[in-house]
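So you can see what is in the structure, the chains are spelled out below.
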Amino acid sequence: MKEIVDILNAYKKAISSGKKSALATVVNVEGSSYRRPGARMLVTEDGMLTGAISGGCLEGDALRKALSAIHQGENKLVTYDTTDEDDAKFGVQLGCNGIVHILFEPIFADDALNPIELLKSANSNRENCVIATLFSMNDKHQPGSVMLFREKSFIEKLDEEIAGAVKNDAFDVLKLKLSRIETYTVNGVEFDALLEFIPPPIQLVIAGAGNDAQPLAEMANILGWEVLVVDGRQTHCTPQRFPNAKNTLIAKPNQILTQVAIDEQTAFVLMTHNYNYDLELLEILLKTEATYIGTLGPKKKLVRMLDELKQNESLSRVYGPIGLDIGAETPEEIAVSIVAEIKTVFTGASAMMLKEKKNPIHFYEVKND
């Protein structure tokens, strides 16, 4: 979601400056690639790039293709084949032995359903959604971004022939929380559609406004998470100490839930260094659906807290000592450890070293047969 927010901010600046722009989206990947389907980059007519569709090796040529789409006023699908030696002649060397399909869409501000408007809708509230991007490997016509789908609402510009099927498949993607590519036929022409699952950003609530909470808040902000800091001390919990936090709340534990809306993308970190505050807040959080509850400090502290609350030590949502074992010592290193663990929990990843992983780093369902 951070990439989407960055793109929206860049587009707003471009519009205020009277600059035309195009959106580049990775719609399919065959083999290995630095970015997976759904990666985006905004290109303005003066060459400004926001977001990324590769590790940097495609951006130069993608800039030229985006400018062409802007000037011609039509969507374009471009394929980069790293197994083709001719790509090396043009300086397009991905180094990952894959085929990447990128759709370039010029943005027309008077189109109420242009790609940027769909992204704005995706970012408008904390709710899972699916964006459908339609493209053809064999036809010049490239429909592009055609739908944003939520469980109880949608906006779309789909051909009636496939509208029902696309919505049904988007509903499945929403339930499975897994992006995939489906194939549809319109007037005898075959089109593929990237059905991209987009969750809201992680909401990180840091209970504790001490000095060790500051690097955690900063790192979470860099990742694009929504950061809220809560504490009972007015001297510590201030916007000046946490300038990038969405909000700083001075509250007792029993007041927090009246000011924080908890959803499935919410993580709590208890690091007030006040045992009674953490204990009271933990008791409250155990009655919520917060996906992640982490406590700073030794394991015996958490065991004691759970024992006092008459809770089973093996509660799956509670993590303590918090963080991954990376040998962290300083507050900054501990922050890295904590955000890595939270990210692991929300993605369901293994946290193993990638060199030991047997399967592809990124997985998405290509299509249903």
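No experiment lies behind these values; they were computed from the predicted model shown.

## Things to note about the packing of aromatic side chains
Point 1. Scanning the model with the defined rule gives one aromatic pair in all.
Point 2. When the ring of Tyr292 is compared with that of Tyr319, the centres are 4.7 Å apart and the planes differ by 10 degrees; the resulting orientation is stacked. Within this pair, whereas Tyr292 is found in strand E15 (residues 292-295), its partner Tyr319 is found in strand E16 (residues 318-319), the two being separated by 27 residues in sequence.
Point 3. Owing to a relative accessible area of 0%, Tyr292 belongs among the buried residues under this scheme.
Point 4. Judged by its relative accessible area of 22%, Tyr319 falls in the partly exposed class.
Point 5. For the cation-ring pair, Arg304 lies above Tyr275, with the distance from its terminal atom to the ring centre recorded as 4.2 Å.

## With respect to the domain arrangement of the protein
Point 1. Taken as a whole, the protein is organised into domain 1 (1-198) and domain 2 (203-347).
Point 2. Across the boundary between the two partners, domain 1 contributes four residues, which contact nine residues of domain 2.
Point 3. Summed over both partners, the interface of domain 1 with domain 2 comes to about 490 Å²; 32% of that surface belongs to carbon and sulfur atoms.
Point 4. Counting every contact that joins domain 1 to domain 2 gives three salt bridges.
Point 5. When the shortest N-O distance is used, the salt bridge between Arg126 and Glu226 registers 3.2 Å.
Point 6. The residue inventory of the side of domain 1 that touches domain 2, partitioned by class, reads no nonpolar, one polar and three charged.

## Side note on the nonpolar core
Point 1. Leu204, Ile206, Leu216, Val269 and Ile342 are the most contacted members of the largest nonpolar core, which totals 25 residues.
Point 2. Elements with a minimum of two residues in this core: strand E11 (203-207), helix H6 (213-222), strand E12 (226-231), strand E14 (266-270) and helix H10 (331-347).
Point 3. Looking at this core, the element that brings in the most residues is H10, giving five residues.
Point 4. Aside from chain neighbours lying at most four places away, what touches Ile206 is Ala213, Leu216, Ala217, Val227, Leu228, Val229, Val230, Val269 and Met271.
Point 5. With 24 residues, the next largest nonpolar core counts Val205, Leu228, Ala251 and Ile293 among its residues.

## Observations concerning the sheet that holds strand E13 (residues 247-250)
Point 1. A sheet is described by the order of its strands in space; here six strands give the open sequence E13-E12-E11-E14-E15-E16, paired in parallel fashion. Among the strands making up the open sheet, the edge pair consists of E13 and E16.
Point 2. Pairing geometry for E15 and E16, over two bridges, is parallel. By the bridge assignment, Ile293 is partnered in E16 with Val318.
Point 3. Contacts from H10 reach E11, E14, E15 and E16 within the one sheet, and its direction differs from that of E14 by about 150 degrees.

Cut-offs applied
Residues numbered from 1 in each chain as written. Predicted model: local features only at pLDDT ≥ 70, side-chain atom pairs only at ≥ 80, totals over all residues. Heavy atoms only, no water. Phe/Tyr/Trp six-rings, centres within 6.5 Å; stacked < 30°, edge-to-face > 60°. Helix = DSSP H or I, 4+ residues; strand = E, 2+ residues; numbered from the N terminus. Buried < 20%, exposed > 50% of the residue type's maximum accessible area, 1.4 Å probe, protein only. Lys NZ or Arg CZ within 6 Å of the ring centre and 35° of its normal. Domains from an automatic or database assignment. Contact = heavy atoms within 4.5 Å. Buried area = accessible area lost by both parts, 1.4 Å probe. Salt bridge = Lys/Arg side-chain N within 4 Å of Asp/Glu carboxyl O. Nonpolar A, V, L, I, M, F, W, Y, C, P; charged D, E, K, R; others polar. Core = buried A, V, L, I, M, F, W, Y, C linked by side-chain atoms within 4.5 Å. Pairing = 2+ DSSP bridges. Axes fitted to C-alpha atoms, helices over the stretch in contact; angles between N-to-C directions.

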